[in-house]
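# Architecture and fold: a report
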Amino acid sequence: MKHSKMISRRSFLQAAVYSTAALSALALTGCGASSSGSSAAAGTSSAAASGDVYKVGIVNYVDDASLNQIVASLEARLDAVGAERGVTFNYADYYSNAQADQSNLNQIGADLVADDVDVIVAVATPSATTMLAAVEDTDIPVIYSAVTDPVGAGFDGLDNITGTSDALDTNAIMNLILAVNPDITQIGLLYDLGQDSSTQAIADAKAFCDANGISCIEKNGTNTAEVQMAVEALAASGVKVVFTPTDNTIMTAELAIYETMIEAGIQHYTGADSFALNGAFMGYGVDYVQLGEATADMVVELLCDGKSIAEMPYRTFDNGTATLNTETCEALGLDVEAVKAAFEPYCTSVEEITTAEEFA
């Protein structure tokens, strides 16, 4: 398979994982016989002997802490289920990261179709949209992860695509903002206009602000340099609270902007814990480890349990967890315990985190 040099492709799965002899020795119930995308999409697989190998294409949209966390938990779950059932999910030979480049996505889709993979797992909306187009005129099914608005993306009801959604409860984040800042009159909105994952959440944030007499200042960026300029403009405006939904562009830039926000006294409220990991004040929403595991479970149901896409409607999650970056909180001159106390009535739990590039 030939990819642009910008695409990272891994091939490090241990040889023992591929040993069908060792797997057979487990004497466990296997998945359905390894099949082309046709039988997988039709849900016709049935229990068979262990030792089967499934080709699982995984397409990551871009390197960021959230999406990488999904991929890691997805792969770990497939490995665990494979060991239990005595089968192999070969994803290592069919993993690609598009680095947020549409031409890369197009090439990846063409390559996976040429490889006749059993299923394509597409992480983030742009990946899912491109993979859906790539499998047209084939029977290869697509299972997505971290698609914020499956209905808005046009995926709901199609017979060859389903998956897991990281839909954001924007009002919940707005309530957290008010809990810490009850007298707030102005909120900044930082996002990429081209990110489908931001569209509905930003509309919801604007509606909330209108209903509560809060004005909005919007700034946008399509890459890290533009996002940095947007943050500097927000700082210059004097805004003290900024909201960002599950926006991959801003997530990718978070490590480059969080110190500027701290220096300007800005509390950055965001739609995922990975933002907080990378320095944002707070992240709220879906547990991305859980999201990756649930996506893997759908792959297993499709390939191993004979389920069809139509039998697996897309799944949403709301763990109600706020993740507070204690270092950023203290740098902003706020008391960690006071902030946690303000958050607690509006959350299932409040987790603490400190700044790092990736989850441990």
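Below is a short write-up of the structure. Predicted model only: the values in this text are computed from it and were never measured.

Rules used throughout
- Residues numbered from 1 in each chain as written.
- Predicted model: local features only at pLDDT ≥ 70, side-chain atom pairs only at ≥ 80, totals over all residues.
- Heavy atoms only, no water.
- Pairing = 2+ DSSP bridges.
- Helix = DSSP H or I, 4+ residues; strand = E, 2+ residues; numbered from the N terminus.
- Axes fitted to C-alpha atoms, helices over the stretch in contact; angles between N-to-C directions.
- Contact = heavy atoms within 4.5 Å.
- Phe/Tyr/Trp six-rings, centres within 6.5 Å; stacked < 30°, edge-to-face > 60°.
- Buried < 20%, exposed > 50% of the residue type's maximum accessible area, 1.4 Å probe, protein only.
- Right-handed = clockwise from strand over helix to strand, strands pointing away.
- Core = buried A, V, L, I, M, F, W, Y, C linked by side-chain atoms within 4.5 Å.

## Describing the sheet that holds strand 7 (residues 186-191)
Read across the open sheet, the 7 strands follow the order 8-7-9-10-11-13-14; overall the sheet is mixed. The sheet terminates laterally at strand 8 (215-220) and strand 14 (349-353), the two strands that pair on one side only. Each strand of the sheet is rotated relative to its neighbour by a mean of 25°, with strand direction disregarded. As defined by bridge partners, strand 7 adjoins strand 9 (residues 241-244) across 2 bridges and the pair is classed as parallel. Along strand 9, the bridge assignment pairs leucine 189 with phenylalanine 243. Those strands touched by helix 6 (residues 170-180) are strand 7, strand 9, strand 10 (267-270), strand 11 (282-285) and strand 13 (321-325), and its axis lies near 155° from that of strand 10.

## Comments concerning the packing of aromatic side chains
In this structure the tally under the stated criterion is 5 aromatic pairs. A centroid spacing of 6.4 Å and a plane angle of 75° characterise the contact between tyrosine 269 and phenylalanine 343, whose relative ring orientation is edge-to-face. On the criterion of sequence distance, the pair formed by tyrosine 269 in strand 10 and phenylalanine 343 in helix 13 (residues 336-343) is long-range, its members being 74 residues apart. Here tyrosine 269 falls in the buried class, since its relative accessible area comes to 0%. Among the residues examined, phenylalanine 343 registers a relative accessible area of 0% and is labelled buried. When the ring of phenylalanine 281 is compared with that of phenylalanine 343, the centres are 6.4 Å apart and the planes differ by 65°; the resulting orientation is edge-to-face.

## Focus: unusual backbone geometry
One non-glycine residue, aspartate 116, adopts positive backbone phi at about 55°. If you trace the backbone, aspartate 116 turns up in the loop between helix 4 (102-114) and strand 4 (119-123). For aspartate 116, a relative accessible area of 36% gives the class partly exposed. The phi angle at aspartate 137 is positive, at roughly 70°, despite the residue not being glycine. Counting through the fold element by element, aspartate 137 comes out in the loop between helix 5 (125-134) and strand 5 (142-145). According to the relative accessible area criterion, aspartate 137 is exposed, its value standing at 80%.

## Quick look at the pairing of strand 4
Within strand 4, 5 of the 5 residues are buried, which leaves the element mostly enclosed by the surrounding structure. The alternating pattern of strand 4 places Val119, Val121 and Val123 on one face and Ile120 and Ala122 on the opposite face, and all of these are buried. The pairing of strand 1 (residues 53-60) with strand 4 spans 5 bridges and is classified as parallel. Following the sheet pairing, isoleucine 58 is matched in strand 4 by valine 121. Relative to strand 5, strand 4 runs parallel, the two being bridged by 4 bridges. Bridging from a neighbouring strand, valine 121 pairs with isoleucine 143 of strand 5. On the question of chirality, the crossover connecting strand 4 to the parallel strand 5 by way of helix 5 is right-handed.

## Here we look at the nonpolar core
Membership of the largest hydrophobic core comes to 77 residues, with the highest contact counts inside it found for Val56, Leu78, Phe89, Ile120, Leu190 and Leu303. Here the element with the most residues in this core is helix 11 (residues 288-303); it accounts for 9 residues. Each residue touching leucine 78, except ones within four places of it in the same chain, is listed here: Val56, Phe89, Tyr91, Ala296, Val299 and Val300. Listed in part, the 31 residues of the second largest apolar core include Ile177, Ala201, Ile202 and Met282.

## Digging into the pairing of strand 9
The alternating pattern of strand 9 places Val241 and Phe243 and Val242 and Thr244 on opposite faces, both of which are buried. Sheet analysis places strand 9 next to strand 10, joined by 4 bridges and oriented parallel. Residue phenylalanine 243 lies in a different strand from strand 10, and its bridge partner there is tyrosine 269. Handedness of the crossover joining strand 9 and strand 10 through helix 9 (residues 248-263): right-handed.

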